[in-house]
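# Coordinate analysis (summary)
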Amino acid sequence: MDRPSIKNEEQYEALREKGYSQEKSARIANTENSGKKGGKAKPYEKRSKDELYQQAKDIGIPGRSKMNKEELISALRNN
C-alpha cells in the first residue's frame, strides 16, 4: 500500500518508531509547523473543563459531552 506524500519525513519516521499509526504520523508530519516546538499552550491539567471540552469539540472527539475533565484530557492526548 502506497503512503501519501510526507512533508517532514524525519518527523514521520520518529513518530512511527514511537508507535504512532501511519495515519496519525502523516497527519502530524504534514502540518504547516511540522517539527517546530510550540510550547505556548498551558498544560491540559491547568485548563478548565470548559476549555478542554471546546478543544475536544473543535477536533471532533465523540462522547465528549459525557466525559469528566480527566477523560477529556486522556481523549485529547490520544487523539
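See above for the structure.
This report concerns the structure included in the present document. (Residues numbered from 1 in each chain as written. Predicted model: local features only at pLDDT ≥ 70, side-chain atom pairs only at ≥ 80, totals over all residues. Heavy atoms only, no water.)

## A short note on the overall build of the protein
On a plain count of helices and strands, the protein comes out with four helices and zero strands. Along the protein, helices (α) and strands (β) appear in the sequence α-α-α-α when read from the amino end. Sorting the 79 residues of the protein into buried and exposed places 25% on the buried side. Long-range contacts, defined as pairs at least 24 residues apart, comprise 24% of the intrachain contacts of the protein with a sequence gap of at least 6. Total accessible area on the protein is roughly 6,300 Å²; 46% of this is exposed by carbon and sulfur atoms. (Helix = DSSP H or I, 4+ residues; strand = E, 2+ residues; numbered from the N terminus. Buried < 20%, exposed > 50% of the residue type's maximum accessible area, 1.4 Å probe, protein only. Contact = heavy atoms within 4.5 Å. Areas by Shrake-Rupley, 256 points an atom, 1.4 Å probe, with all protein chains shown as cover.)

## Brief notes about helix H1 (residues 9–17)
Turning to H1, its buried residues are Gln11, Tyr12 and Leu15. Along the long axis of H1, the arc covered by the buried residues comes to 105°, so they all point the same way. In H1, the exposed positions angled more than 90 degrees off the buried face are occupied by Glu10 and Glu17. Buried residues in H1 make contact with helix H2 (22–29). (Arc of directions from axis to C-beta.)

## Quick word on the pattern of salt bridges
Per the counting criterion, the structure on display carries three salt bridges. Glu23 serves as the salt-bridge partner of Arg27, at 4.0 Å between the closest nitrogen and oxygen. Here Arg27 pairs with Glu23, and both are found in helix H2, just four residues apart, close to one helical turn. Between Glu45 and Arg77 there is a salt bridge, with the nearest N and O atoms lying 2.9 Å from each other. Of this pair, Glu45 sits in the loop between H2 and helix H3 (49–59) while Arg77 sits in helix H4 (residues 69–77), and the two are 32 residues apart along the sequence. On the accessibility criterion, Arg77 (46% relative accessible area) is partly exposed. (Salt bridge = Lys/Arg side-chain N within 4 Å of Asp/Glu carboxyl O.)

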